[in-house]
Amino acid sequence: MQARARALPNITYRYRGVMHDVGSTVTAPPRPSRAALTRTFGAAQAHLRTLSTVRSADVERFGSTALQLGLVLTVIHVFQVEQSFGLTRILPLVFAGFLVNAVLPLAWRRTFLVLLSLGAAWLLFGVEYGTGLIGLGLGLLAVCHLPIRFGARVALLLLAGAVLAGVRAEWIPIPFGRMPRLPTLVLPILGSMFMFRLVVYMYDLRHEKKPATMAERIGYFFMLPNFCFPLFPVVDYSTYRRTYYDRPALDIYEKGVQWIFRGVAHLLLYRIVYLYLVPAPADVQSLGGVVQAMLTTYLLYLRISGQFHLIVGILCLFGHNLPETHRLYFLASSFNDYWRRINIYWKDFMMKLFYYPSLMRARALGVIPAMVIATVVVFAGTWLLHSYQWFWMRGSFPLRATDALFWGILGGLVVINSVREARRGRARTLTRPEVTVRSALSLSARTVGMFVAITVLWSLWSSSTVEEWVTLVAAAGNSGPAAFALLAVALAALIAIGAALQLAGERLRRPAPEGPRPPRWSPVLASAAAAALILVGLPQTRAWLAPPAAGLVASLQDDGLSARDEEMMDRGYYEGLLDADRYTNALATVQALAERPDDWGGAGRVSQVTVPRNDLLDYENRPLYSDVVKLAELNINEFGMRDRAYTLQKPPGVVRIAFLGSSYEAGAGVRDDETYENVVEDRLNRELGEAGVGYEILNFSAAGYTVLHGFLIAEQRAWNFEPDAVLFALHTNEAGGRLLSHLRVIVQRQVANPYPELRELIASTGATADMSEREIERRLQPILPDVARWSLSELAERCRSRGIPCIATFVPTTAQAGGAPADRVAEVMQMAEAAGFTTWTLDGAYGSYSQDQVQLGEWDAHPNVLGHRLLAAGLFDLLVKNPQAWQPQRTDDAAMTAAAQ
């Protein structure tokens, strides 16, 4: 019995005020007695009496903290911060939970937080998936405490992890077909809860001296904000326990509010960088573009630091006084300093589990060799563990050369710096050294140099291939010496500014005053900033701002994609048409993808709608295709139109319109009679048609088509149907990513080009088929506006030669439901007008409906049935009000005029 007792885990938990040891006897906890209930009520009454003695100053301070928290959480709600991860949905839980937790007896708070966290799981994931997540988590925790040897428990955990990994990779089917979204919805969050924390937990469990309560153990894995953030800091178990209310509660609460606000500030800055500053790869054509691309790529890390501040801030609201996760990492002055400042939790995790054990094992080789070996182990492990983390979040295990190079170079530089410090010793003083001009310049130069080095390394890590990164860097060669000299001057100016700030700070530094601590201004400033953000974020007050400022604020309130990435999504569809296996919507959120119906049949199914061609058109709709795509029946007629059947020869008395466009006009996701083109045609015939007079709108659109496709399909198809007018649907990205991809394919396939002017435009770029994809696009990028103008001009000229009108209509995307950017609409319309088109606009056609109401789903932004109806209503009105613009052969204009009135 004694031997068995030693093998059992040391598990003790408190139930009804009584300690129980699961390891020694597996018995059910005693039923609560009347005496226990009496003690519980007595404790509650005592706590209430304690609350009545709280100083009024503390009550005011708590009220002020609660008010600040309310303001900061309102900012999160107004700006929809991390809305796609569900953060805005748990804000009421956070605020109400904070108030309740603060007045509960200390002994009840951990249990309360566990219950609150489980409630958040059900709120975000629903009852079925939330219960599945909680059940799997509790199951893993139970394995940790099975009454068997420690090694056997570790083996069982590895086995359970392997099974879950098989399910995540979708190698193992889900039993009974229940919860089909388990791999993509539940397991990424479960992975973020257990993939690293379980290792720390088992490590500390083996050395645990003071038994933890059940609420402590469950609460360590089921942390409230974890259900919103798949990327979660690796909280150390010992630190998690040790720092619980280790300072006065009000101090911890105030710190939590400050950190939440700091995290929100990081995330809003991230949105500015993401939406306005990150250039498209093809836009990088000079040294300035290279610097902008590298700098903004590094600045995107603001999202991670913002999330981590926000997460730890929320935990502080419930008494977990955790240390900071990042410490001014942009100001690191050496590689070791950088490693110590960025993602401090990860550094501590690797030091605890890899560095010190490796150092101890290798110490017989000497201090420096052991240190080198331990550092190499840490960085090699970091590389592999990042891929391991990627697996649980995305379902694949990437081993890219850029990852290995980044961690290998960074690790090598840290080793060199560590050896240097070990041999020379780090300068440590008990007092702050005096700042001189020399020391200020030295620190500033090292800080700027480190920032530049990390920015370059980060751009390498962010590139999908080394070749892509080399192509990016090579673009700097297009600039002359003056640009490099200007960059050197800018860096020198930064060093001088940094030194000046240090010297100014030294002069302004004053000794801390004696006596009571002066009031802190940071909470006041944070509250004022939060109130100002709420004010400018409200629609009622935003209208008072100048249009550019109002547009900036509105864009920051959208948790969606930038215009560049929207184009990339369109390009994803386009590339999916060419090679379905390559299609990947890496920009969609995990939850959005998880909510997509399993039988959606998106890009892969869309690619089956088309057939390739070996000419400039590249592909076209597959004649007589019929299938369900995006849950709606889609039919292609015998002439390759996503439309009803028509005859090649125009019937007598019929007015025909050739309709050109892209995926919005093709209308996958709605039935044939629900596309806005067919809705308009039906209304024309129903409301304006007469005996012997009819209307036909022939839809030559296809997913991924560009203005160049529009011209080409008119040349090869539309003229054969004797149209009376051409109606071209244009969007704000006509000279963007889709056109770039189309031109790249033309270059790569070296297809015959019968148009001399277009041939010369492409040839002027020097792009050839043997170049990399990225290099071809970089060269083609500057001619996109010229190719768009050429396509529209050629199409307008063909219309004039046939004596038929041509109309360009701007069609807003669903993301532009609240209004398209005026400058981008004007740019497209001016291009069409210059080519000779009559221009109309459907901007505002969605009325007061939001994007969510008019799109197919979060995973697909194309218009749904309502969106098509609204677009149809707008287009029908334009046709009725402008009959002279599109039907030159109309004999009875009176009916049209009457209808317009």
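Criteria and thresholds
Residues numbered from 1 in each chain as written. Predicted model: local features only at pLDDT ≥ 70, side-chain atom pairs only at ≥ 80, totals over all residues. Heavy atoms only, no water. Helix = DSSP H or I, 4+ residues; strand = E, 2+ residues; numbered from the N terminus. Buried < 20%, exposed > 50% of the residue type's maximum accessible area, 1.4 Å probe, protein only. Contact = heavy atoms within 4.5 Å. Areas by Shrake-Rupley, 256 points an atom, 1.4 Å probe, with all protein chains shown as cover. Core = buried A, V, L, I, M, F, W, Y, C linked by side-chain atoms within 4.5 Å. Pairing = 2+ DSSP bridges. Axes fitted to C-alpha atoms, helices over the stretch in contact; angles between N-to-C directions. Right-handed = clockwise from strand over helix to strand, strands pointing away. pLDDT = per-residue confidence, 0-100. Arc of directions from axis to C-beta. Phe/Tyr/Trp six-rings, centres within 6.5 Å; stacked < 30°, edge-to-face > 60°. Lys NZ or Arg CZ within 6 Å of the ring centre and 35° of its normal. Bend = angle between axes of the 7 residues up to and from the residue. Parallel < 35°, antiparallel > 145°, perpendicular 65-115°, else oblique. Salt bridge = Lys/Arg side-chain N within 4 Å of Asp/Glu carboxyl O. Patch = residues over 30% accessible without salt bridge, like charges linked within 9 Å, V, L, I, M, F, W, Y side chains within 5 Å. Polar contact = N/O pair within 3.5 Å; in protein donor to acceptor, adjacent residues only side chain to side chain. Left-handed = near helix turned anticlockwise from the far one by under 90°. Nonpolar A, V, L, I, M, F, W, Y, C, P; charged D, E, K, R; others polar.

1. Observations regarding the overall build of the chain
Line of reasoning, step 1. Secondary structure assignment for the chain yields 37 helices and 13 strands.
Line of reasoning, step 2. Out of the 901 residues belonging to the chain, those deemed buried represent 51%.
Line of reasoning, step 3. Long-range contacts, defined as pairs at least 24 residues apart, comprise 74% of the intrachain contacts of the chain with a sequence gap of at least 6.
Line of reasoning, step 4. Here the chain displays about 41700 Å² of accessible surface, and carbon together with sulfur accounts for 61% of that area.

2. Here's the deal with the nonpolar core
Line of reasoning, step 1. With 135 residues, the main nonpolar core has Phe 227 and Leu 310 as its most contacted residues.
Line of reasoning, step 2. In contact with Leu 310, other than residues within four places in its own chain, are Ile 76, Val 81, Leu 87, Phe 229, Trp 259, Ile 260, Gly 263, Val 264 and Leu 267.
Line of reasoning, step 3. Core analysis: the second largest hydrophobic core is formed by 58 residues, Val 707, Leu 730, Ile 746 and Val 828 among them.

3. Details of the sheet that holds strand E8 (residues 694–699)
Line of reasoning, step 1. An order of E8-E7-E9-E10-E11 is seen for the five strands of this open sheet, with the pairing classed as parallel. The open sheet has two edge strands, E8 and strand E11 (838–841), and neither has a second partner. Direction aside, the axes of adjacent strands within the sheet are offset by 25° on average.
Line of reasoning, step 2. As judged from the five bridges shared by strand E9 (residues 725–730) and strand E10 (residues 806–810), these two strands associate in the parallel manner. Along E10, the bridge assignment pairs Phe 728 with Ala 808.
Line of reasoning, step 3. Across the sheet, helix H33 (residues 784–802) is in contact with strand E7 (654–660), E9 and E10; its angle to E9 comes to roughly 165°.

4. Focus: the environment of Val 828
Line of reasoning, step 1. By the secondary structure assignment, Val 828 is in helix H34 (residues 822–835).
Line of reasoning, step 2. Distance from Val 828 to His 731, taken between C-alpha atoms, is 7.5 Å for residues 97 residues apart in sequence.
Line of reasoning, step 3. Residues contacting Val 828, with those up to four places away along its chain left out, are Leu 730, His 731 and Thr 732.

5. Topic: the pairing of E11
Line of reasoning, step 1. Sheet topology note: the E10/E11 ladder contains four bridges and is parallel. Bridge pairing links Thr 809 to Trp 840 in E11.
Line of reasoning, step 2. On the question of chirality, the crossover connecting E10 to the parallel E11 by way of H34 is right-handed.

6. Some thoughts on the confidence of the model for the chain
Line of reasoning, step 1. In the predicted model, the chain carries a mean pLDDT of 84, and 84% of its residues have values of at least 70.
Line of reasoning, step 2. Within the chain, no element has a lower average pLDDT than helix H1 (residues 2–7), which sits at 38, and none a higher one than E9, at 96.
Line of reasoning, step 3. Note that residues 1–30 has pLDDT below 50 and, in this model, 44 contacts with residues that lie over four places away or in other chains.
Line of reasoning, step 4. Overall, residues 890–895 carries pLDDT values under 50, and its contacts beyond four positions in sequence, including any with other chains, amount to eight contacts.

7. A short note on the environment of Leu 533
Line of reasoning, step 1. Here Leu 533 shows up in helix H21 (residues 522–537).
Line of reasoning, step 2. Taking relative accessible area as the criterion, Leu 533 reaches 23% and is therefore assigned partly exposed.
Line of reasoning, step 3. Sequence separation of Leu 533 and Leu 71 is 462 residues, and the distance between their C-alpha atoms is 9.5 Å.
Line of reasoning, step 4. Those residues in contact with Leu 533, other than ones at most four positions away along the chain, are Val 75, Phe 79 and Leu 268.

8. Points about helix H19 (residues 466–474)
Line of reasoning, step 1. Three or more residues of H19 are buried, namely Glu 468, Trp 469, Thr 471 and Leu 472. Here the buried residues of H19 occupy an arc of 160° about the axis, which is enough to place them on one side.
Line of reasoning, step 2. The secondary structure elements touched by the buried residues of H19 are helix H12 (287–299), helix H18 (437–462) and helix H32 (773–780).

9. Examining the packing of aromatic side chains
Think of a pair of aromatic rings as described by two things: how far the centres are apart, and how the planes are tilted against each other in angle.
Line of reasoning, step 1. The full count for this structure, using the stated rule, is 44 aromatic pairs.
Line of reasoning, step 2. Their ring planes at 65° and their centres at 6.3 Å tell us that Phe 62 and Tyr 253 sit as a pair that is edge-to-face. Placement of Phe 62 in helix H3 (residues 56–78) and of Tyr 253 in helix H11 (residues 249–277) is noted, with a sequence separation of 191 residues between them.
Line of reasoning, step 3. An aromatic cluster is defined as three or more aromatic residues linked by ring pairs; in this entry it consists of Tyr 298, Tyr 301, Tyr 329, Phe 330, Trp 339, Phe 379, Phe 406, Trp 407, Phe 451, Trp 458 and Trp 461.
Line of reasoning, step 4. Above the ring of Tyr 240, the side-chain terminus of Arg 110 is found at 5.6 Å from the ring centroid.

10. A few points about helix H7 (residues 182–194)
Line of reasoning, step 1. Approximately 25° is the largest bend angle found in H7, and it occurs at Pro 188.
Line of reasoning, step 2. Among the 13 residues that make up H7, 12 are buried, leaving the element largely enclosed by the rest of the structure.
Line of reasoning, step 3. Listing the buried residues of H7 in full gives Leu 182, Pro 183, Leu 185, Val 186, Leu 187, Pro 188, Ile 189, Leu 190, Gly 191, Ser 192, Met 193 and Phe 194.

11. Looking at the packing of helix H31 (residues 756–763) against H33
Line of reasoning, step 1. At a closest axis distance of 11 Å, the pairing of H31 and H33 adopts a crossing angle of 175°. With respect to H33, the axis of H31 lies roughly antiparallel. In this structure, H31 contributes Glu 757, Leu 758 and Leu 761 to the contact, and H33 contributes Asp 786, Val 787, Trp 790 and Glu 794.

12. As for the pattern of salt bridges
Two side chains carrying opposite charge are able to pair once their charged atoms lie near each other.
Line of reasoning, step 1. Applying the stated criterion to the full structure yields 35 salt bridges.
Line of reasoning, step 2. Close ionic contact of Arg 341 with Asp 337 constitutes a salt bridge, the shortest N to O distance being 3.0 Å. Note that Arg 341 and Asp 337 are positioned in helix H14 (residues 335–341) at a spacing of four residues, about one turn of the helix. Assigned by exposure class, Arg 341 and Asp 337 land together as buried.
Line of reasoning, step 3. Across the pair Asp 682 and Arg 644 runs a salt bridge, and its minimum N-O distance is 2.8 Å. In this pair, Asp 682 sits in helix H28 (residues 676–688) while Arg 644 sits in the loop between strand E6 (632–635) and E7, placing the two residues 38 residues apart along the sequence.
Line of reasoning, step 4. Residue class for Asp 682 comes out partly exposed when judged on its relative accessible area of 27%.

13. Brief notes about a nonpolar patch on the surface
Line of reasoning, step 1. Together, Leu 156, Leu 159, Val 163, Trp 171 and Ile 172 give the surface a local cluster of nonpolar side chains, amounting to about 520 Å² of exposed area.
Line of reasoning, step 2. By the secondary structure assignment, Ile 172 is in the loop between helix H6 (150–168) and H7.

14. A look at unusual backbone geometry
With the exception of glycine, the majority of residues adopt a negative phi angle, and the majority of peptide bonds are in the trans configuration.
Line of reasoning, step 1. A positive phi is found at Gln 80, a non-glycine position, where the angle reads about 50°.
Line of reasoning, step 2. Within the fold, Gln 80 resides in the loop between H3 and helix H4 (91–103).
Line of reasoning, step 3. Taking the relative accessible area as the measure of exposure, Gln 80 reaches 23% and is therefore partly exposed.
Line of reasoning, step 4. Unlike most non-glycine residues, Lys 630 shows phi in positive territory, near 55°.
Line of reasoning, step 5. Relative to the helices and strands, Lys 630 resides in the loop between strand E5 (626–629) and E6.
Line of reasoning, step 6. Overall, Lys 630 belongs to the buried group, its relative accessible area being 3%.

15. Here's the deal with the side chain of Glu 254
Line of reasoning, step 1. Relative to the helices and strands, Glu 254 is located in helix H11.
Line of reasoning, step 2. Among the polar contacts made by the side chain of Glu 254, one reaches the side chain of Arg 61 at a distance of 2.8 Å.

16. So, the packing of H11 against helix H13 (residues 302–316)
Line of reasoning, step 1. Between H11 and H13, the least distance of the axes is 7 Å, while the angle of their chain directions is 160°. Between H11 and H13, the interaxial angle falls into the category roughly antiparallel. The element H11 and its partner H13 pack so that their crossing is left-handed.
Line of reasoning, step 2. Taken together, the residues of the contact of H11 with H13 sort by class into 13 nonpolar, eight polar and three charged.

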